[in-house]
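# A look at the structure
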Amino acid sequence: MKLHELTVAELGRGLREREFTSVELTRHYLARIASGNAALNAFITVTAERALADAAAADQRLARGEGGLLTGVPLAHKDIFCTDGVLTTCGSRMLAKFVAPYDATVVERLAAAGMVLLGKTNMDEFAMGSSNETSWFGPVRNPWDLARVPGGSSGGSAAVVAAGLAPVATGTDTGGSIRQPAALCGLTGLKPTYGRVSRYGMIAFASSLDQGGVLARSALDAALLLAAMAGPDPRDSTCIERPVSDYAAGLDRPIRGLRIGIIREFFGPGLEAGTGAAVQAALDGFRKLGAELVEVSLPNLPLSVPTYYVVAPAECSSNLSRFDGVRFGHRCEEPRDLRDLYERSRGEGFGAEVKRRIMTGTYVLSAGYYDAYYLKAQQVRSLINADFRRAFAEVDVLMGPTSPTPAFALGAKTDDPITMYLNDIYTIGANLAGLPAISVPCGLVGGLPVGLQVIGSHFAEELLLAVAHAWQRETDWHGRRPPEPVRGAP
Amino acid sequence: MSSGWETVIGLEIHAQLATRSKIFSGAATAFGAPPNAQACLVDLGYPGVLPVLNREAVRMAVRFGLAIGATVAPRSVFARKNYFYPDLPKGYQISQYELPIVSGGAVGIVLEDGTHKRIGVTRAHLEEDAGKSLHEGLGELTGIDLNRAGTPLLEIVSEPELRSARDAVAYMKKIHTLVRYLGICDGNMQEGSFRCDANVSVRRAGAQQLGTRCEIKNLNSFRFVEKAIHYEVGRQVELIEGGGKVVQETRLYDSDRGVTRSMRSKEEANDYRYFPDPDLLPLVLEPAFVEEVRATLPELPDQKAARFVRDHGLSDYDAGVLTASRELADYYEGVLGVLGGEPKLVANWVMGELAGLLNRDGLEIGGSRVGAAGLAGLLKRISDGTISGKIAKEVLEAMWDEGQAADAIIEARGLRQITDTSALEETITQVMAANPGQLGDYRAGKDKLFGFFVGQVMKATAGKANPAQVNELLRRMLAGP
Amino acid sequence: MTLTRRDVENIAHLARLQIGAGELPAYADSLSRILGFVEQLAAADTAGVLPMAHPLEGEIQRLRADEVTETDRHERYQQDAPAVEAGLYLVPKVIE
């Protein structure tokens, strides 16, 4: 068995049993990155030296019989998580030279668990995108087909895990940015409940929607990472005071009798046929496992995309005002005056999609338009939330596709923002309502992965992971790998 | 101001809350640190950081709300006020907009003519202060110090019920007294801990509709408030009488020239795009929390003044002066406690001689060189007749300068009053003998010379004679055998 | 909603974003399309519906004890700044 084909759980066991050292493992991954990343463009920064130092420290802990399930296991962080002393770009020219002076809580906790940082992954600029094509550092390519996108915004994290350049990676999900790339790259992608994982140090896109999570090879791996990342944080008052479960231990709960709601609105005309068929087959599979399937309707859910494209831009327009060329980040050359400093630094530092969203958000919050756009969107958000609440009174989880199509070609949707935005039509609802959701591989269409999305009620991560795990015990879609070698990989 | 015009003023007072750390971060709030030494990642608006609200700031806002009889909101919401300015690191200020923590209270003010007036407080909300821009010595550049950024502020907004610059000052002083009583603001105006913006408009007397207002920013002394409003009212009246129109704008008071001028940086109409801050959940206050705060409220200035009038027989004016600060009122009551009575005597000395010495040396009551017990020791010697009031002034000055107790100074300087009748009679006899002409004239009906003889006796006794006793003896002895 | 060039200029100024003259038509077009797309919200019946600003509105804000936990790190932080002098961040002259 090759090291890069092992899951996090298997790597942890191998390390503790001294079958291999963390340094050996880390060198193996660094070698794969060295040869594989050029084709994928999935890492913005590779922290090789630090990784080897982290690995050596982990080996010492392990040699003393210390350390836990994750000690010595390498990982990659989405470049949205501030990492002390490491370039943290958020995929933007604005932060192209920004070395963060502190660690995000997620970074700190996973480091404390003994994980080894391989590097920071490419992403859509400020997490605004569904194809990883808005990055200042260029698009990421999908390891399943280099002519296609990996999805976004956590496209780099998805690509590195799928291509075996890292065993697991963190991501963030504001409207589907973990689940959609997980679906398009054949991974298990978990977006936890809003408030389950601290947002401290995670560069904000839309604060009421953003949530950190995991892109992994299996539900078990996601469970291990989540347990180490989650939990209350005194530095984030929106992070909820609620104990963290041993998610891995809860994976084996039986799903016989589970009531699954099939979201009617997710099976409309926008759904590509092959994807629909794969998802339908998965649903049949769950029925065979003893689950009870019922169709449910969430009549306001189709409004989730327009609601999102008011709420998220509004919040981002304000969140991104701090990038003004004064204290950090890009500053234009020789500003004539204060206005010039602001307008040119921001005009140059942000890419087109970010500017579009800032302007959309500025507009919907401005005098005379607030009620018609922002307030209205908040009211519709309420309706969508109520739809979910009603559904969860009837069923344990909701299911449907993660993305309407498998990975599409680079450049295919860059001309029209609306077409691009509709990629997230099935994922945005969970963000608006703050619900946990997971995408699990459920088939291949034309050689490309398809994801099944499972949405749970608030703080139902344990159940979602158990459902995903049950599925992964019965199937091997999550074990499928893109063709090796990735062009140029060893 | 020209007659026929009415002035309408509303004040927005910014009181920095006296917390140790900032409203949303753990950085210190101490004044005077080196530039940016107290600006942490949250204050600097770094990517990824989040605000976490300081409980003490909330408690202080609640104290204020309860003290002015306002409604303390069971649920209030923080909102973002969006605008770009270099002293505002995030590009937005976290404030409260639609649902403030305090709304609908009032305070009473007493004008110099003794008129009482209630002034409504529309609302008071929590927000973060901005940093400071420094222009000195940097040529064509401005330097930004963000130490002040994130200092908690309580913005106290009055109803437009103030009708003159004097009203405005009286109201501002009232709030100033109150926040210091409550221990929620140090009230230091030089350091900017307590400052205000004034919204000023004028209208024809009797008009119902409000005139167009101008907002005068950042007034940091009572004197400037009075002068700036006075100037602004004159400007507006003159403008309208000259056929012009007042333009709604933000103005700055130039204290060197005593004028207000339009602020260039605020020329363009701002669109603040307020919306609820998604980083902060609604602030929910349980009734138990509010009651706990209420239980710790001190006696408030109005209550204290009323008690001074009722229990000590002071005038409204004196009671008002003595309760203007908690420290002064405590001092007054401290003296009274040691002395065991004579509230009016104590009031006169605290407001008169003691205030004069404090004023001379530029000290607050807290810095008084004569403590409450010391002053009581002095006043005791007046009331038991050991020294006269006049001598007491001399003793107080000596106490002030030398730091000794009244009795020690009286003894050391031999200032004890001469109350021995026979000794005084002998002095008077000598004075009469030395001034036969005046004595003759007096006896011939020149009553005015009585004062001359009093003066001579006091001079001969170096002021130590009891004046009442001198009067009585003189009257009898001058009248002749 | 169709935005004009002028509208885009105004929004860009409010957001302090320099948009080149040549880019204005493209932004006017894409922003108009986005606003047109979100206008479908107008059809939703939201009479009497409370706005939802936050997914956790039932939760209560957690407060922090009033303690100083930060130390002076301005020298490190100012390494990130494009222009500083004597501990101050520098910007072009601010006219009040």
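Keep in mind that this is a model prediction, so the values were computed, not measured. (Residues numbered from 1 in each chain as written. Chains lettered and ligands numbered in written order. Predicted model: local features only at pLDDT ≥ 70, side-chain atom pairs only at ≥ 80, totals over all residues. Heavy atoms only, no water.)

Moving on to the overall build of chain A. From N to C terminus, chain A includes 15 helices and 11 strands. Relative to its length of 490 residues, chain A is compact, with a C-alpha radius of gyration of 21 Å against a globular reference of 23 Å. For chain A, the C-alpha atoms occupy an extent of roughly 60 × 55 × 45 Å along the three principal directions. Every one of the 490 residues in chain A was classed for burial, and the buried ones make up 69%. A total of about 14000 Å² of accessible surface is found on chain A, and carbon and sulfur atoms cover 51% of it. The centroid of the 48 positive side-chain charges in chain A is displaced by 1 Å from the centroid of its 51 negative side-chain charges. (Helix = DSSP H or I, 4+ residues; strand = E, 2+ residues; numbered from the N terminus. Rg over C-alpha atoms; globule rule 2.2 N^0.38 Å. Buried < 20%, exposed > 50% of the residue type's maximum accessible area, 1.4 Å probe, protein only. Areas by Shrake-Rupley, 256 points an atom, 1.4 Å probe, with all protein chains shown as cover. Lys, Arg positive; Asp, Glu negative; His and termini not counted. Charge placed at Lys NZ, Arg CZ, Asp CG, Glu CD.)

Before going further, it helps to spend a moment on the domain arrangement of chain A. Residues and elements named next belong to chain A. Domain annotation of chain A identifies domain 1 (3-259 + 400-487), domain 2 (261-300 + 381-392) and domain 3 (302-380). The C-alpha-based centres of domain 2 and domain 3 are spaced at 34 Å. On the side of domain 3, 10 residues touch domain 2, which itself brings 8 residues to the contact. In total, domain 2 and domain 3 occlude about 580 Å² of area from one another, counting both sides; carbon and sulfur atoms represent 59% of this. The largest share of the area that domain 2 buries against domain 3 comes from Asn300, Arg381 and Ile384, three residues that together contribute 71% of it. Connecting domain 2 to domain 3 are 10 residue pairs in polar contact (both at pLDDT 80 or more). (Domains from an automatic or database assignment. Contact = heavy atoms within 4.5 Å. Buried area = accessible area lost by both parts, 1.4 Å probe. Polar contact = N/O pair within 3.5 Å; in protein donor to acceptor, adjacent residues only side chain to side chain.)

Core analysis: the biggest nonpolar cluster contains 198 residues, and Phe126, Leu225, Phe388, Met399, Leu452, Ile455 and Leu465 of chain A have the highest contact counts within it. The greatest single-element share of this core, amounting to 9 residues, is contributed by helix H12 (residues 370-394) of chain A. Sequence-distant contacts of phenylalanine 388 of chain A, that is, excluding residues within four places in its chain, are made with Leu298, Leu301, Leu398, Gly429, Ala430, Ala433, Leu435 and Ile455 of chain A. Leu66, Val121, Met172 and Val293 of chain B belong to the second-largest nonpolar core, a separate cluster that totals 70 residues. (Core = buried A, V, L, I, M, F, W, Y, C linked by side-chain atoms within 4.5 Å.)

What follows deals with the sheet that holds strand E5 (residues 92-96) of chain B. Taken together, 3 strands build an open sheet; the order of strands is E5-E4-E15 (chain B) and the sheet is antiparallel. What marks the edges here is a single partner per strand, and that holds for E5 and strand E15 (275-276) of chain B. Bridge count between strand E4 (residues 78-82) of chain B and E5 of chain B: 5 bridges; the pairing is antiparallel. In the sheet register, arginine 80 of chain B faces E5 of chain B, and the bridge partner there is isoleucine 94 of chain B. Strand contacts of helix H9 (residues 304-319) of chain A: E4, E5 and E15 of chain B, with the helix running at about 65° to E4 of chain B, the strand carrying the most contacts. (Pairing = 2+ DSSP bridges. Axes fitted to C-alpha atoms, helices over the stretch in contact; angles between N-to-C directions.)

A few words now on the interface of chain C and chain A. Often the size quoted for an interface is simply the accessible area lost on bringing the parts together. Tallying the contact residues gives 50 residues for chain C and 71 residues for chain A. For the pairing of chain C and chain A, the buried interface totals around 5200 Å² over both sides, and the portion due to carbon and sulfur atoms is 68%. When the area that chain C buries against chain A is broken down by residue, the three leading residues are Leu41, Met52 and Arg62 of chain C, summing to 15%. Where chain C packs against chain A, one counts 2 salt bridges. Among the ionic pairs, glutamate 241 of chain A bridges to arginine 62 of chain C, the shortest N-O distance being 3.0 Å. Taken together, the links from chain C to chain A amount to 19 residue pairs in polar contact (both at pLDDT 80 or more). Sorting the residues of the side of chain C that touches chain A by element identifies helix H1 (5-14), helix H2 (24-38), helix H3 (74-77) and strand E2 (88-92) of chain C as the ones contributing at least two each. (Salt bridge = Lys/Arg side-chain N within 4 Å of Asp/Glu carboxyl O.)

All names here are of chain B. Inspection of the secondary structure assignment puts valine 110 in strand E6 (residues 102-110). Judged by its relative accessible area of 48%, valine 110 falls in the partly exposed class. The residues contacting valine 110, other than those within four sequence positions of it, are Thr115 and His116.

Residue and element names in this part refer to chain A. Helix H11 (residues 352-365) packs onto H9 with a crossing angle of 100° between their chain directions and a minimal axis gap of 7 Å. It follows from the interaxial angle that H9 and H11 lie roughly perpendicular. Contacts from Tyr308, Tyr309, Val310, Pro313, Ala314, Cys316 and Ser317 in H9 reach Arg357, Ile358, Thr360, Gly361, Thr362, Val364 and Leu365 in H11. For the contact of H9 with H11, the class distribution of residues is 9 nonpolar, 4 polar and 1 charged. (Parallel < 35°, antiparallel > 145°, perpendicular 65-115°, else oblique. Nonpolar A, V, L, I, M, F, W, Y, C, P; charged D, E, K, R; others polar.)

What follows concerns helix H11 (residues 406-413) of chain B. Because an α-helix completes one turn every 3.6 residues, residues spaced three or four positions apart along the sequence face the same direction. Residues and elements named next belong to chain B. Within H11, burial applies to Ala406, Ile409 and Ile410. All buried residues of H11 fall inside an arc of 100° around its axis, so they share one side. Buried residues in H11 make contact with helix H9 (372-383) and helix H10 (389-402). (Arc of directions from axis to C-beta.)

Going through the model one piece at a time under the given rule, you end up with 28 aromatic pairs over all chains. With 5.8 Å between their ring centres and 80° between their planes, phenylalanine 24 of chain B and phenylalanine 78 of chain B make a pair best called edge-to-face. Taken together, the residues span a long stretch of sequence, with phenylalanine 24 of chain B in the loop between strand E1 (5-16) and helix H1 (55-67) and phenylalanine 78 of chain B in strand E4 at a distance of 54 residues. Of the two residues examined, phenylalanine 24 of chain B and phenylalanine 78 of chain B, each falls in the buried class. Clustering of aromatic rings is evident, with ring pairs tying together Phe98, Phe126, Phe323, Phe328 and Phe350 of chain A, Tyr46 of chain B together with Tyr77 of chain C. Sitting over the face of the ring of phenylalanine 222 of chain B, lysine 173 of chain B holds its NZ or CZ atom 5.4 Å from the ring centroid. (Phe/Tyr/Trp six-rings, centres within 6.5 Å; stacked < 30°, edge-to-face > 60°. Lys NZ or Arg CZ within 6 Å of the ring centre and 35° of its normal.)

With that settled, consider the interface of chain C and chain B. With 37 residues of chain C at the interface, the matching set in chain B holds 56 residues. When the buried area of chain C at its contact with chain B is split by residue, Arg64, Asp66 and Glu96 of chain C rank highest and sum to 19% of it. If you look at where chain C meets chain B, you find 0 salt bridges. Run the count over chain C and chain B and you get 21 residue pairs in polar contact (both at pLDDT 80 or more). Elements with a minimum of two residues in the side of chain C that touches chain B: H1, H3 and E2 of chain C. Counting residues per element, the side of chain C that touches chain B draws most heavily on E2 of chain C, which supplies 5 residues. Taken together, the residues that form the side of chain C that touches chain B break down as 17 nonpolar, 7 polar and 13 charged. Pairing of strand E9 (residues 141-145) of chain B with E2 of chain C involves 4 bridges; the strand directions are antiparallel. If you follow glycine 143 of chain B over to E2 of chain C, its bridge partner there is leucine 90 of chain C.

Here we take up the side chain of histidine 4 of chain A. Residues and elements named next belong to chain A. Tracing the chain through its elements places histidine 4 in the segment before helix H1 (8-16). Given a relative accessible area of 4%, histidine 4 falls into the buried group. Within the local environment of histidine 4, its side chain forms a polar contact with the side chain of arginine 32, the two groups lying 3.2 Å apart. In contact with histidine 4, other than residues within four places in its own chain, are His28, Tyr29, Arg32, Gly164, Arg217, Arg481 and Glu484.

With that out of the way, let us pick up the pairing of E9 of chain B. Counting buried positions along E9 of chain B yields 4 of 5 residues, so the element is predominantly enclosed. What sits between the antiparallel neighbours strand E8 (residues 132-134) of chain B and E9 of chain B is a turn of 6 residues, in which glycine 137 of chain B has the positive phi angle 70°.

On to the environment of isoleucine 391 of chain B, then. Relative to the helices and strands, isoleucine 391 of chain B resides in helix H10. In this structure isoleucine 391 of chain B touches Leu415, Ala462 and Gly463 of chain B, once residues within four positions along its chain are discounted.

This brings us to the sheet that holds E1 of chain B. Residues and elements named next belong to chain B. On the basis of which strands lie adjacent, the open sheet formed by 9 strands has the order E2-E6-E7-E10-E1-E11-E12-E13-E14 and mixed pairing. Each edge of the sheet is formed by a strand with only one pairing partner; in this case those strands are strand E2 (71-72) and strand E14 (259-262). Bridge count between E1 and strand E11 (residues 194-204): 11 bridges; the pairing is antiparallel. Among the inter-strand pairings, threonine 7 is bridged to a residue of E11, identified as valine 202. Together, E1, E6, strand E7 (116-128), strand E10 (152-158), E11 and strand E12 (214-219) form the strand contacts of helix H2 (residues 165-181), whose direction differs from that of E6 by roughly 115°.

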